[in-house]
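Structural overview
As a plain string of letters, each chain reads:
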Amino acid sequence: MGIAVVQWHGESAPGQYEIALMHGDAVEAVDKLLLAKEALVGVAASHGLAVSFLPKPFPDAAGNGLHVHFSLWKDGKCLMHDPHGGSYTSNRLEAAAAAVIAAAADLTPTRLSNIQDGGISTETIPALPQVLPSPPDEGHQHRVRPPGWRQSAPGPKTEGPTPGGPTRPATVTTSPPQPIPSMEMLSFLAGVLTYMDVLLPFTSPSPNSYARLRPGSWAGAYAAWGYNNREVPLRVTAPGPKHLDMMHVEYKALDGTANPYLALSAIMVAGMLGIFAKLFPPEPCQVPPHELDTEASSRLGVRLLPGSLRAALDLLQNTRKGEAFKDAVAEAIGRPLLQAFLAVREAEAVHAPNDNPRSLLLRYS
């Protein structure tokens, strides 16, 4: 069918498999996703089997997600990073980028270099439970250099006389530029994080979706982001600080009951609102969010997501943030489509008390 499969493997729940498809432009990727799902359902049926994409078919087993990995591109150029270093327009963007680089380097610093008024200073970060390995040398203090920092080039010098050879100048070397996360990447990330609770009706649109969004399920019960943290719904990942050109973001609060065209549209709207407003993300959460105390949750901007479709729709329909987000989505997809979509969501929320597992399995096949 011309649909590239990156990998597939058995998962932990009964009869459960994970399939990763090759990336592509948004519409192309969703087209191939739907064709792949049709193939799965059709081939299974020819063997007398049924396929379900229900988010939580078994209450005591792992759920089914539809994780989407995305990166930002313009005119064929990746906008996720600045390969030449540079500077930021905001001190908080500076700090957020430093945290990304620290996490990508697999460090657990207790002090982060931070740009403040009057120059560079260091700010002590309260210790949190860590899931990353400790620095190998206890006597060495790791410091995260601010993005855009440059090592001063050593001045030219000559070596002393060498027996049997002439005096020659030493080789002068400079540190290569440190790639840094782009302002567009950080603001897009902050936009998705800011609007995540009102995004859920588009990405987790069924009553059963919220049985999956629970702590410890690797799906994301809290609005938070982290570097390679599988317990947060926004996971930033890259092979390391020198390979930010391969950095991408995984959005995990998406499942197979969503209309993927509308879900990706809503995610893009949230991210673009972040870019337009020049938002900046808080520090990354590097531990399971439910393990944080109140002070740490506040500092990292971690908040509990709605626990039901009804609660998510109420936030979308009855808050200033929700109304602003609806207006932006309506501009992107058209108000008639948005109204029809929300009417179906309202009907599903009303019908939720009458749902039973068998009908749900068939409904979302």
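What you see is a predicted model; the values in this text were computed from it and never measured.

Time to look at the pairing of strand β12 (residues 234-237). Across a regular strand the side chains alternate sides, sitting on one face of the sheet and then on the other. Of the two faces of β12, the one carrying Leu-234 and Val-236 and the one carrying Arg-235 and Thr-237 are both buried. Pairing of strand β11 (residues 225-227) with β12 involves three bridges; the strand directions are parallel. The partner of Gly-226 across the bridge, within β12, is Arg-235. Two strands pair when backbone bridges link them, and β12 and strand β13 (residues 248-251) are joined in this way by four bridges, in the antiparallel orientation. Counted as the bridge partner of Arg-235 is Glu-250 from β13.

Turning next to unusual backbone geometry. At Asn-228, a residue that is not glycine, the phi angle is positive and equals roughly 55°. Tracing the backbone through its elements, the reader meets Asn-228 in the loop between β11 and β12. With a relative accessible area of 38%, Asn-228 lands in the partly exposed category. The backbone phi angle of Lys-278 is positive, close to 55°, even though this residue is not glycine. Tracing the backbone shows Lys-278 in the loop between α6 (260-276) and α7 (294-299).

What follows deals with the packing of helix α8 (residues 309-318) against helix α9 (residues 320-333). At a closest axis distance of 5 Å, the pairing of α8 and α9 adopts a crossing angle of 80°. With respect to α9, the element α8 is oriented roughly perpendicular. Residues Leu-315, Leu-316 and Gln-317 of α8 lie in contact with α9, whose contacting residues are Gly-322, Glu-323, Phe-325 and Lys-326. When the residues that make up the contact of α8 with α9 are grouped by side-chain class, the tally is three nonpolar, two polar and two charged.

Further remarks concern α9. Taking 1.5 Å per residue as the helical rise, α9 with its 14 residues ought to reach 20 Å, and the 20 Å between its terminal C-alpha atoms agrees with that figure. Every buried residue belonging to α9 is among Gly-322, Phe-325, Lys-326, Ala-328, Val-329, Ala-330 and Ile-333, and all of these are buried. Looking at the buried side of α9, the elements it contacts are α4 (196-203), α6, α8 and α10 (335-351). Gly-334 occupies a position one or two residues after α9 and carries a positive phi of about 100°.

So, on to the pattern of salt bridges. Using the criterion set out here, one finds eleven salt bridges in the structure. Between Asp-327 and Arg-335 there is a salt bridge; the shortest N-O distance is 3.5 Å. Salt-bridge contacts for Glu-348 lead to Arg-345; the nearest nitrogen and oxygen are separated by 2.6 Å. Here the residue Glu-348 and the residue Arg-345 both occupy positions in helix α10, the gap between them amounting to three residues, near one helical turn. For the pair shown, Glu-348 and Arg-345 are each scored as buried. Here the salt bridges do not stand alone but share partners, grouping Asp-197, Arg-303 and Lys-321 into one network.

Next up on the list: the pairing of strand β2 (residues 17-21). Across five bridges, the pairing between strand β1 (residues 5-10) and β2 is antiparallel. Note on β2: the bridge partner recorded for Gly-10 is Tyr-17. Remark: six residues form the turn of the hairpin made by β1 and β2, two consecutive strands paired antiparallel; Gly-15 in that turn has positive phi of roughly 65°.

With that settled, the discussion passes to the confidence of the model for the protein. When pLDDT is averaged across the protein, the result is 79; 72% of the residues are at 70 or more. Confidence, expressed as mean pLDDT per element, reaches its minimum in the protein at strand β8 (residues 119-124) with 26 and its maximum at α4 with 97. Scored below 50 in pLDDT, residues 107-166 makes 97 contacts in the model with residues more than four places away or belonging to other chains.

Let us now look at helix α1 (residues 26-46). The end-to-end C-alpha distance of α1, which contains 21 residues, comes to 31 Å, matching closely the 30 Å that a straight helix rising 1.5 Å per residue would cover. Among all positions of α1, only Val-30, Leu-33, Ala-36, Lys-37 and Ala-44 are buried. Considered in projection along α1, the buried side chains sweep an arc of 120° and stay on one side of the axis. Facing away from the buried side of α1 by over 90 degrees, the exposed positions are Val-27, Glu-38, Val-43 and Ser-46. At the exit of α1 stands Gly-48, carrying a positive phi of roughly 75°.

On to the packing of α4 against α8, then. Contact pair α4 / α8: the axes reach a minimum separation of 8 Å and the direction vectors enclose 120°. Of the two possible hands of crossing, α4 and α8 adopt the one that is left-handed. Judged by residue contacts, Asp-197, Val-198, Leu-200, Pro-201 and Phe-202 of α4 engage Ala-312, Leu-313, Leu-315 and Leu-316 from α8. Of the residues belonging to the contact of α4 with α8, the class tally is eight nonpolar, no polar and one charged.

What counts, and at which threshold
- Residues numbered from 1 in each chain as written.
- Predicted model: local features only at pLDDT ≥ 70, side-chain atom pairs only at ≥ 80, totals over all residues.
- Heavy atoms only, no water.
- Buried < 20%, exposed > 50% of the residue type's maximum accessible area, 1.4 Å probe, protein only.
- Helix = DSSP H or I, 4+ residues; strand = E, 2+ residues; numbered from the N terminus.
- Pairing = 2+ DSSP bridges.
- Axes fitted to C-alpha atoms, helices over the stretch in contact; angles between N-to-C directions.
- Parallel < 35°, antiparallel > 145°, perpendicular 65-115°, else oblique.
- Contact = heavy atoms within 4.5 Å.
- Nonpolar A, V, L, I, M, F, W, Y, C, P; charged D, E, K, R; others polar.
- Expected span 1.5 Å × (residues − 1).
- Salt bridge = Lys/Arg side-chain N within 4 Å of Asp/Glu carboxyl O.
- pLDDT = per-residue confidence, 0-100.
- Arc of directions from axis to C-beta.
- Left-handed = near helix turned anticlockwise from the far one by under 90°.

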